[in-house]
Every structure is written in C-alpha cells, then in structure tokens.
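# Observations on the three-dimensional arrangement
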Amino acid sequence: MATAVQKITLSPSRDIPFNKLLLSQSNVRRVKAGVSIEELAEDIVRRGLLQGLSVRPVVDQAGIETGMFEIPAGGRRYRALELLVKQKRLAKTAPVPCIVRDSGIAEEDSLAENVQRAPLHPLDQFRAFLALREKGQSEEEIAAAFFVSANVVKQRLKLASVSPALLDFYAEDGMTLDQLMAFTVSGNHERQEQVFERLKVSYDKQPYVIRRMLTEGAVRASDKRAQFIGVDAYVAAGGTVLRDLFQGDDGGWLQDVPLVDQMTADKLKAESEAIAAEGWKWIEVAPDFAYGHAFGLRQVRGETAPLAAEEEASRDALQAELDRLSNEYQDADDLPDAVDERLSELETAIEGFDNRPVLFDAAEVERAGAFVSIGADGQLRVERGYVRPEDELPAKPETELSADGEDERAMAAGYEGPEAAVTAEPDADAEEDEGVSPISDRLMTELTSHRTLGLRHALGERPDVAFLAALHVLTLKTFYHYGSDSCLELDVKSISFGTQAPGLNDSASAEAIRVRHESWAKALPKESADLWEALQAWDGDSQAGLFAHIVSLSVNAVYEPWNRRPRAFAHADRLAQAVDLDMAAAGWKPTVDNFLGRVTKARILQAVAQAKGQRAADRIEHLKKGDMAAEAETLLADTAWLPEPLRTVGQPLTHAASAATEQQHVEVGDESTAIGGETAMAEDEPTAENETAHDAPHAIAAE
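None of these values were measured; they are calculated from a predicted model.

This brings us to the side chain of serine 272. Within the fold, serine 272 resides in helix 13 (residues 257-276). Ignoring sequence-local partners within four residues, the contact set of serine 272 consists of Ile283, Val285 and Val372.

Put into structure tokens, the structure is as follows:
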C-alpha cells in the first residue's frame, strides 16, 4: 500500500505597516558585509523591495500577540527602509511585504536565509552587465545602478567579451579569474584560443605567461617608434592596440609591427626631405644609430639666429615675470594652480626664444651632412654639420699661415720657412758684408730647443697657465680637430665602441653626454684662432667644467678579451669610487635584452635572491629560461640591483637588498592585487563601513 505524500503549507505573506516592525536579536549576522545601508536604500528607491522580510509575531508574557512583529532575517532591508522613513521618503505606516512565521526557531530562520543563499557566479555578473549594455545602457548608467565605478563596469564588460569557449571553460572552473583577466589583453578570439591550446600542453599557466604569449612580437606604446608616429595616428591607419584593463600596461601594445615600421620609415623620410632641402651634401636616415656614429667626423658649427629687437624685449619681459614669480613663491610648499600654470607657460615661451635655428655657412653646408633619427623620447633627432674626412678641404702648408701673421716672430728673426732657409751651416769664414742671411735649419733647431726647455721650466712654475694650455690643446683636438694649433704634445683619444650594447645610444648617460657636448660647443668660439683668448677670459669654474668634460671622453673601461689591461681596470674602479658612480642612478636596469636573457638560469636566480630574497628566487626556479628572465626583469625593475661588473666598491649591492633580506615573503607572480582580480573584485563591491549606527539596543543585528 503506497504511502501518502504529506503536503506542506507555506507561511502566509501579508503587508505589515513599517511602524509595526522591529529588529530581532535572533539575527545571526553580526559582521557588516555587502553594500552599505545607504546604497541599499537607494536601490529600494530605484527598484522597490525585491525580497520581503521574514517576521514573527511578538507576544507578551502571557503568550498573547502584541500586534508587533520582529525580524530575525532581513535586518539590513529593515534598516534601509528605516533610513528612508527618517529621510521622509517613505511613510511610517507604509505596508512592507512580509512572510509571517510562527513556528520553529528564529535563529534557524536567520541562519538558513543567509547560508542557503547561493552567491552569483562572476561570469553571470559579467554577462548581465553585457546584456544591460546591449540594451542601451551606458557604462556610467550601469555603474550608478549597481554602486560601482565605471572602470569596474568596463572590466566586467571586457571579461564578458572573451572567447565564448574560454568563458565556458571558466564557468566550469577550468581556469582562474586571474587567468581569464590575462586573456582580455587581446580582443582577437582566434588568438585567445590559440594561446589557450598552447597552455593546455604547458606546465606553466600563470597569468603573466598568458599575457606574454598574447603580446609577443608586439611593440609597446612606450617604444620610441610608437611615440614618434603617435598611437592615435597608428590607430587611424588601421592599427590595433592591445590594452590591459587589469594591470598597468604603459599605454598597451601596438600589434601591427609592419605598420609601425612602415609609418616610422615614411615619417622619417618626410622629415629628412625637409632637412635635405637645407642643402646638405648627404643625409643618413635611420630610426637609431650606433653610439659613436659621428666619431672621426668634424662638426661644423653655425651661429644662432639673432633675436629682433621686439623679440629681445619680449623675452626680457617674460624672464622678468618668471624671476618675479619664482622669488615670490620660492618658500611656498604648494604653488597655486594658476601660478604653477603661468610658470610653465613662461618657461615654454622662453625656451622657444632660446631654441632658435642655427645658421651655417653655405660653403660648409655643401661639404657637410646630417644624421636624422629618433631620440630616446620619441622626438625627431637631427645632428647637422658633420664633415667626412674625404670631404675636407686640402690643408694649407704651414708656411702659408705666416701670411696671416701667425709666424710673425719667426719672420722677424729672418726665418722664412724651409724654402728660404739655408740647409747647411754657412762657412765660418764667410764675409760679414754679405748681408743678413737666413738662419740655418740646424741653428734654428738649436735655438728653439733652448726655448722649448725655457718654456717647459717656466710653464712648470705656473700651474694656472699650464692648466689653460692643456685645456686649450685638448679643446682644439676635441672640438676643432686642429691639434697643430698648439705647441703642446698632448692628445685626447675617445674610443669607439666596437660592440654595441642594446640601447647604448638611447641610454641616459649617452643622452646626457650628448647634451653636455653640444652645450660646450655652443659656448666656444667658431674659429680655433680665437680659442686661447676665449678660454683665458672664462672663470675658473667654466674652465674646470670644460676640462672635466673633455677628460671624461677619454675614459676607456671597456673589457676586450684580446686586450688584457688589469691595471687599467683597477684604476677604473678607483675612478668610480672617486666620482661615487652609481649605475642604477645613471639609469641602468637589468632587462631580458641587456643581461637576464644572456646569462644562465643560475645567475638569474642569484640576482633575484640578492635583490628580493631567496623565497622570491624559489618561486621562479621552475620556469623555463625565457619566462624566468622575463619574470626576473619585472621583479628587479625597482630594486637598483646591478651585476658585478657595474658595481662600485663600497656601495650596497642594491638599494633594496636589506629590505629584501628582512622580507622573505615576496610573492612572485601573485596577481591577486591586480584590479579586477578575485581579491580586488571583492574589494570593488561597496562595503558597509559607513553603515549608520542606531541607539536602540536591538540595532546590534545586521541581518
């Protein structure tokens, strides 16, 4: 005989006036979580009460109902309604939908309502946002409706736009949210699925590996080629930019590399045509030149176009205003926005006056050329006025210089050069009445030998003049290539770099040297004959600064396997200590190209351990060489770690080494801090930190 199925009876529902409700101490929720009471109240105003309250009749000591009802489940909704009543946006007697229960335990009702509530899967939220977007709501409207930022909505929409195959895999818990976030770097579903297939056979499926696979071969927006052509122009030409909404990406990645190269070449060509129109004999064009590409070439110097009287007056007025504002606010901690903006305008305007075009002699232009390339900052770099040795004019014989008065002393002594001089000693018995004959070469040599010794002794007694003479000849050979204009047998040799290190020409040191060299060149007279008087007129600091610059160009601490120079390297170490050289402060950072990708895995791990601690090294030990080097580059980016050949004796291994030793908890590859990650996504949701406190004793319950 079949057993009859017992029918259940659901608790009745009814509308109860708000002023007949009160919170129950049986509510199990004590910890604040979820959206704030204020936000929940606004949501009720927008959509109404989507879920009724679970209530129980309040009875007196005799068990008789008092007409009041307590709320063991739904306390936050009650408090949101209470806030609306206080704001006079809801009547005190407004009916509230309730489920009335009169059996069971109140705490059980509260616990069941909270425990049995299934959280929404993140993918459902992504798709819901996408459905709202497709129905015409803007990202800002969606953000306002759900009390999140517009950026959070963009992130959710980006996640919803990943390949459906990958979303299905994520829905089945086949990948983590951090991995799904990494796939959003590329909007190409086919590319996403290709990388996904590669991951299936790879043991390393970390998010940074996914990002690297999706962007391999792309050009970073921070690359000087991208800055030169402009990302907007690249996009307008049909190029695609990969962006990462969940991590800093420095502007993203330009995916169409051939387009980048073509646009770079086209723009350089157009710019070089304008330079060629100036009349230069030759133009060399390239995105980049090797460091030292102009070694051995003489650079002619033009003169800056003078300012007109009106321009000079305008510049003086701007400078006076800049000086006045600078003095007025020199002690201010924070500049007013208007003043800060004005100072910037003044500096820009003055710089425009100072950076006037340089005018070159037409004859020099006809035999000189220019290099056209891209600077490290992505701006056009034009290096004008370089003369190749084969284009130099034939050197004048030394005797021809006497016509200009440079050999007047020799002429006064009767010496007229090798053609006029007697090549053999005159006979001792020669008659005196034969007239004044030229001094013989031998006698001239003997006399000038005495004079040379006299000069050596006198110069040795005058350090100030000796310094000036040395500065004079070194400046001649560095800036004029006319060493014969000096009687000092000093030379300065600046080596070229046979092996070009990656990024050498764009390094901070190379750029600083170039700017400093150009600055000194502008300060020197155009003609070498005027150099001595010019240097003599300079103050000591200016002379010393130029001397330091020239001497610095002669430094050669380059290791060459065929040229063993242990003592030179020992001196380089002492020199580095003397100038307190810090290669990290000079801008060098370890990258895959310049170090990490060219050493063994053991050295990579050693570097990470030294800079970030052993635990950090252990976290990447399992990676393949390429991935290990790339991850190490990220880890070492801000540590100032240097390989041994770049370290200066006496300086710490890294600026962060001591901190890394104490903090061995470094998390390698941890992406939980990424915006929109599983941790961050929870943080994106509004909290109840600003929940209104109530004085009533029963207000302890949260829900």
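Next comes the rest of the write-up.
Atom-level detail of predicted coordinates should not be read off regions where pLDDT is low. The predicted model of the protein averages 78 in pLDDT, with 78% of residues at 70 or higher. Taken as a whole, residues 400-425 scores under 50 in pLDDT and shows 27 contacts with residues more than four places along the chain or in a different chain. Predicted confidence for residues 656-703 stays below pLDDT 50, and this span has 122 contacts to residues more than four positions away or in other chains.

What follows deals with a negative patch on the surface. On the surface, Asp337, Asp340, Glu341, Glu347 and Glu351 cluster together into a negatively charged patch. You can see glutamate 351 is positioned in helix 15 (residues 337-354).

Before going further, it helps to examine the packing of aromatic side chains. Scanning the model with the defined rule gives 12 aromatic pairs in all. Each ring, one from phenylalanine 371 and one from tyrosine 386, has its centre 5.6 Å from the other, and the planes form 65 degrees; the classification is edge-to-face. Note that phenylalanine 371 is positioned in strand 13 (residues 369-374) and tyrosine 386 in strand 14 (residues 380-387), a separation of 15 residues in sequence. Considered together, phenylalanine 371 and tyrosine 386 belong to a single accessibility category, that of buried residues. Ring geometry for phenylalanine 595 versus tryptophan 641: centroids 5.7 Å apart, planes at 50 degrees, classification tilted. Here tryptophan 641 lies in the loop between helix 26 (625-636) and helix 27 (657-662) and phenylalanine 595 lies in the loop between helix 23 (566-578) and helix 24 (601-612), a separation of 46 residues in the sequence. Neither phenylalanine 595 nor tryptophan 641 differs from the other in exposure class; each is buried. Through a chain of ring-to-ring contacts, three or more aromatic side chains come together here, namely Trp282, Phe289, Phe371 and Tyr386. Against the face of phenylalanine 228 rests lysine 267, its NZ or CZ located 4.6 Å from the ring centre. Lying over the aromatic face of phenylalanine 569, arginine 565 brings its terminal NZ or CZ to 5.7 Å of the ring centre.

In this section: the sheet that holds strand 13. If you walk across this open sheet you meet the 4 strands as 9-13-14-10, and the pairing is mixed. Strands with a single pairing partner mark the edges of an open sheet, and in this sheet they are strand 9 (282-285) and strand 10 (298-299). Examined bridge by bridge, strand 9 and strand 13 share 4 bridges and lie parallel to one another. The residue bridging valine 285 from the neighbouring strand is valine 372, located in strand 13. Lying over the sheet, helix 13 contacts strand 9, strand 13 and strand 14, oriented at roughly 150 degrees with respect to strand 13.

Rules behind the numbers
Residues numbered from 1 in each chain as written. Predicted model: local features only at pLDDT ≥ 70, side-chain atom pairs only at ≥ 80, totals over all residues. Heavy atoms only, no water. Helix = DSSP H or I, 4+ residues; strand = E, 2+ residues; numbered from the N terminus. Contact = heavy atoms within 4.5 Å. pLDDT = per-residue confidence, 0-100. Patch = residues over 30% accessible without salt bridge, like charges linked within 9 Å, V, L, I, M, F, W, Y side chains within 5 Å. Areas by Shrake-Rupley, 256 points an atom, 1.4 Å probe, with all protein chains shown as cover. Salt bridge = Lys/Arg side-chain N within 4 Å of Asp/Glu carboxyl O. Lys, Arg positive; Asp, Glu negative; His and termini not counted. Charge placed at Lys NZ, Arg CZ, Asp CG, Glu CD. Phe/Tyr/Trp six-rings, centres within 6.5 Å; stacked < 30°, edge-to-face > 60°. Buried < 20%, exposed > 50% of the residue type's maximum accessible area, 1.4 Å probe, protein only. Lys NZ or Arg CZ within 6 Å of the ring centre and 35° of its normal. Pairing = 2+ DSSP bridges. Axes fitted to C-alpha atoms, helices over the stretch in contact; angles between N-to-C directions.

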